[in-house]
Amino acid sequence: MTDPYRVIVVEDDPDVAFYIKTILTKQGCIVQTFTDPSFAQQAMRLYEPDVVITDIEMPGITGIELIEKVRAVRPGTPVIVMTAHVSVDYAVDALRANADEFLTKPISSSDLIAVVARLAEEFRSAKSSMPDPEVVLAIGAHPDDVEIGAGGILLTHRAAGDSVHILTLSRGGRGGHVSDRQSEAFVAAEMLGARLHLEDLPDTEISENEPTVGIIEKVVADIRPTVVYVHSDHDMHQDHRAVHKAALLATRNVRSVSCYQSASATVDFRPNRFVNIDGWLEQKIELVQAHRSQVQVSRYHAPEFLAATARYWARFGEGTACEPLEIVRDSGDLSSGATDVSQALRAQRNARARQLPQ
Ligand SMILES: [Zn+2]
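Presented here is a report on the structure given in the accompanying data block. (Residues numbered from 1 in each chain as written. Predicted model: local features only at pLDDT ≥ 70, side-chain atom pairs only at ≥ 80, totals over all residues. Heavy atoms only, no water.)

### Overview of the nonpolar core
In terms of nonpolar packing, the biggest core is built from 24 residues, with Leu137, Ile139, Leu167, Leu169, Ile206, Ile216 and Val243 touching the most fellow members. Looking at this core, the elements that each hand over two or more residues are strand E8 (135–140), strand E9 (163–170), helix H8 (212–223), strand E11 (227–231), helix H9 (238–250) and strand E12 (256–260). It is H8 that provides the largest number of residues to this core, a total of six residues. For Leu169, the residues in contact, after removing those within four places along its chain, are Ile139, Gly140, Ala141, Glu199, Asp200, Leu201, Ile206, Thr212, Ile215, Ile216 and Val243. In terms of nonpolar packing, the next biggest core, distinct from the first, is built from 21 residues, Ile166, Ala185, Leu196 and Val227 among them. (Core = buried A, V, L, I, M, F, W, Y, C linked by side-chain atoms within 4.5 Å. Buried < 20%, exposed > 50% of the residue type's maximum accessible area, 1.4 Å probe, protein only. Helix = DSSP H or I, 4+ residues; strand = E, 2+ residues; numbered from the N terminus. Contact = heavy atoms within 4.5 Å.)

Below you can see the structure in the form of structure tokens.
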């Protein structure tokens, strides 16, 4: 017997939700129903469904917006949209947002069963042919560090279907009101489709030993990351250096560990991998700008500063925007588009040699 299909139903009408649940449960599916669409993202993480069924319009959110939220958590998840009215406008909009199937109310049970089985099978076979997703952990001392240093890289991980966790060790009390910075951190994580682990170490007094090492070790034990990004040791901010040292100890068994460039990195920051983030720069800027309390007080949050930095590092990589990394350890393949600095330099030298007169 195959693993039963897992289905999430998001429908504000409890009668309809119950009807669908009854039909699918009889077929052996595991069905979770939600009448409040605001639980949808949490439910996606918890139940990892094969199929999502949603109403086209619910209080506070359209089915179309819901599709985007659902896929931000689990890219490629099939979504069936139910509609009471056969409205051409709705259908066109929803198709644009990539609904996989429409069912018109009243829902026929045989149609429902057939569509769920087909989409769930397709999704499972597509997933089984893909490489295992990475579990990514990005570690920062303060809210916004990770977005500034590796926001584009994290977006490319999400697009590849990897799960992304952010561990932020302090709530940044020195840089603004803790409550503002905390809610900004959650907004940015949600935009990214990442899970935020927010700790409460004293801002500007983070230790490189305990309790920092223990906190990071606990998250590593819980989520078992395969890829870690953290501050560089080449940084003026003592919290950043402390988090770097603590993280290196706590992630000693992780396959791939590398350091991003923080706003306070020194000229000794010497990257040897340049990850192309073409197509993600706008969204990275939005992530950084989500830290609204910092936008006023820090020049590092300015869109042109972020864009110019990414443009600059692209001289060593590919495309027009890159984020630089210092590789600490990499015992496997990392993100696509990455270029080793020695390769880039070799290519430059070869190009120059070709231009020399014979
Ligand atoms: Zn910081």
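Further notes follow.
### Topic: the coordination of the zinc ion
Looking at the zinc ion, the protein donor atoms are His142 (ND1), Asp145 (OD), Asp145 (OD) and His240 (NE2), and they sit 2.1 to 2.3 Å from it. Viewed at the metal, the four donor atoms of the zinc ion are separated by angles of 56 to 133°, and the geometry they form is irregular. For the zinc ion, all donor residues lie on one chain, and their spacing in sequence is H-x2-D-x94-H. Like Asp145, His142 is buried. (Donors = N, O, S within 2.8 Å, 3.2 Å for Na, K, Ca; no water. Tetrahedral: all angles 85-135°; square planar, octahedral: opposite > 155°, others 65-115°.)

### Quick notes on the pattern of salt bridges
With the rule as written, the count across this model stands at 16 salt bridges. Between Lys69 and Glu190 there is a salt bridge, and its shortest N-O distance comes to 3.5 Å. Linking Lys69 in helix H3 (residues 63–73) with Glu190 in helix H7 (residues 178–192), this pair joins segments that are 121 residues apart in sequence. Residue Glu190 is classed as partly exposed on the basis of its relative accessible area of 41%. Across the pair Lys218 and Asp222 runs a salt bridge whose closest N-O atoms are separated by 3.0 Å. One end of the pair, Lys218, and the other, Asp222, are both in helix H8, four residues apart, so they sit about a helical turn from each other. Relative accessible area serves as the criterion here: at 53%, Lys218 is assigned to the exposed category. (Salt bridge = Lys/Arg side-chain N within 4 Å of Asp/Glu carboxyl O.)

### Focus on the sheet that holds strand E14 (residues 322–330)
Reading across the sheet, the seven strands line up as E10-E9-E8-E11-E12-E14-E13 and stay open at both edges, with mixed pairing between neighbours. Two strands close off the open sheet at either side, each with one partner strand: strand E10 (195–201) and strand E13 (273–276). Here the strands of the sheet are splayed against their neighbours by 25° on average, with no regard to which way each runs. In the sheet, E13 pairs with E14 via four bridges, with the strands oriented antiparallel. Within E14, the residue paired with Arg273 across the bridge is Leu325. (Pairing = 2+ DSSP bridges. Axes fitted to C-alpha atoms, helices over the stretch in contact; angles between N-to-C directions.)

### A few points about the packing of helix H10 (residues 281–289) against helix H12 (residues 303–313)
Across the interface, H10 lies against H12 with an axial gap of 10 Å and an inter-helix angle of 135°. Taken together, H10 and H12 sit at an angle that is classed as oblique. In this structure, H10 meets H12 at a crossing whose hand is right-handed. Residue-level inspection shows Leu281, Lys284, Ile285, Val288 and Gln289 of H10 in contact with H12, the latter providing Pro303, Leu306, Ala307 and Ala310. In the contact of H10 with H12, the residues fall into seven nonpolar, one polar and one charged. (Parallel < 35°, antiparallel > 145°, perpendicular 65-115°, else oblique. Left-handed = near helix turned anticlockwise from the far one by under 90°. Nonpolar A, V, L, I, M, F, W, Y, C, P; charged D, E, K, R; others polar.)

### With respect to the sheet that holds strand E2 (residues 30–34)
Reading across the sheet, the five strands line up as E2-E1-E3-E6-E7 and stay open at both edges, with parallel pairing between neighbours. The open sheet has two edge strands with one neighbour each: E2 and strand E7 (101–104). In this sheet, neighbouring strand axes are inclined to one another by 20° on average, regardless of whether the strands run parallel or antiparallel. Both strand E1 (residues 6–10) and E2 contribute to a ladder of five bridges, which runs parallel. Paired with Val10 across the two strands is Phe34, which belongs to E2.

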